[in-house]
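Structural overview
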Amino acid sequence: MQHQSAGGAVVRRTPRGFELALAVQRDRNRGGRKMVRLPKGHLDPGESAEAAALREVAEEVGLRAVIAAPLGKVSYCYREAGIAAPIRKTVHFYLMGWRGGEPHPADGEMCEAWWCDLSQAAGLLSFATEREVVARARGLLASAHPPCL
């Protein structure tokens, strides 16, 4: 089984540097353990990855954002309770510029959401794939020609 998802690394510039929106979700496949992650979710039928990423950021953490640059995709397999075959998931991630709202658990899927200093975010994320996405975002923002946020 193959699932497609999309999500965002939403950043905002502050006088101290960049902050990244993070969220905590209870992982139903890991006994309800709290997992720190980036907002992401499934693509609706006919929906582009970009549109899904923006929608999921708004739905999960209540932020309005614009896409600044693609951050690539990550793929992994996981098992869902009651489904025999492993599920292969591909997630398309985007660097996003913050346009409004404050992080909060907007739809109840997350139990916490907040701004975190971008330089500290990778150390908080639960998944290596999302730490890689944040490293890509930091690289783009530090480049000679960073994307327009």
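These numbers come from a predicted model, not from an experiment.

Considering the overall build of the chain
In terms of regular secondary structure, the chain is built from three helices and seven strands. Computed over its C-alpha atoms, the radius of gyration of the chain comes to 15 Å, within 12% of the 15 Å expected for a compact globule of 149 residues. Buried positions account for 44% of the 149 residues belonging to the chain. Across the chain, the fraction of contacts at a sequence separation of at least 24, relative to all contacts at a separation of at least 6, is 68%. For the chain, the exposed surface amounts to about 7500 Å²; the carbon and sulfur share of it is 54%. The centroid of the 20 positive side-chain charges in the chain is displaced by 5 Å from the centroid of its 16 negative side-chain charges.

Notes on the environment of Phe93
Of note, Phe93 is situated in strand β6 (residues 87-100). Spatially, the C-alpha atom of Phe93 lies 9.6 Å from that of Pro39, the residues being 54 residues apart in sequence. Every residue in contact with Phe93, bar those within four places of it in the chain, is listed here: Gly7, Gly8, Leu38, Lys40, Pro70, Leu71, Gly72, Val74, Glu130 and Val133.

Overview of the pattern of salt bridges
This structure, assessed with the given rule, holds eleven salt bridges. With a shortest N-O distance of 2.7 Å, Arg12 and Glu19 are connected by a salt bridge. The same class applies to Arg12 and to Glu19, which are both buried. Taking the shortest distance from any N to any O, the salt bridge between Glu112 and Lys34 comes out at 3.4 Å. Residue Glu112 is found in strand β7 (residues 112-117), and its partner Lys34 is found in strand β3 (residues 33-37); the two are separated by 78 residues along the sequence. Given the relative accessible area of 33%, Glu112 is considered partly exposed. The exposure class of Lys34 is partly exposed, given its relative accessible area of 42%. Here the residues in one salt-bridge network are Asp44, Glu47, Arg55, Glu56 and Glu59, joined through shared partners.

Things to note about the packing of aromatic side chains
Scanning the entire structure with this criterion turns up one aromatic pair. With a centroid separation of 5.9 Å and an interplanar angle of 85°, the aromatic rings of Trp98 and Trp115 are classed as edge-to-face. Of this pair, Trp98 sits in strand β6 while Trp115 sits in strand β7, and the two are 17 residues apart along the sequence. According to the relative accessible area criterion, Trp115 is buried, its value standing at 13%.

A few points about the pairing of β6
Within β6, eleven of the 14 residues are buried, which leaves it mostly tucked inside the rest of the structure. Bridging between strand β1 (residues 2-14) and β6 involves ten bridges; their strand directions are parallel. Note that in β6 the partner of Gly7 across the bridge is Phe93.

Concerning the nonpolar core
One finds Leu20, Leu22, Leu38, Leu71, Phe93 and Val134 to be the most contacted residues of the largest nonpolar core, which totals 21 residues. The set of elements that each furnish at least two residues to this core consists of β1, β2 (17-27), β5 (64-78), β6, α2 (118-121) and α3 (128-142). Among the nonpolar cores identified, the runner-up in size contains 16 residues, and Val10, Tyr94, Met96 and Ala113 belong to it.

What to know about the environment of Gly82
Tracing the chain through its elements places Gly82 in the loop between β5 and β6. For the pair Gly82 and Arg131, spaced 49 residues apart in sequence, the C-alpha to C-alpha distance is 29 Å.

Thresholds, definitions, all that
Residues numbered from 1 in each chain as written. Predicted model: local features only at pLDDT ≥ 70, side-chain atom pairs only at ≥ 80, totals over all residues. Heavy atoms only, no water. Helix = DSSP H or I, 4+ residues; strand = E, 2+ residues; numbered from the N terminus. Rg over C-alpha atoms; globule rule 2.2 N^0.38 Å. Buried < 20%, exposed > 50% of the residue type's maximum accessible area, 1.4 Å probe, protein only. Contact = heavy atoms within 4.5 Å. Areas by Shrake-Rupley, 256 points an atom, 1.4 Å probe, with all protein chains shown as cover. Lys, Arg positive; Asp, Glu negative; His and termini not counted. Charge placed at Lys NZ, Arg CZ, Asp CG, Glu CD. Salt bridge = Lys/Arg side-chain N within 4 Å of Asp/Glu carboxyl O. Phe/Tyr/Trp six-rings, centres within 6.5 Å; stacked < 30°, edge-to-face > 60°. Pairing = 2+ DSSP bridges. Core = buried A, V, L, I, M, F, W, Y, C linked by side-chain atoms within 4.5 Å.

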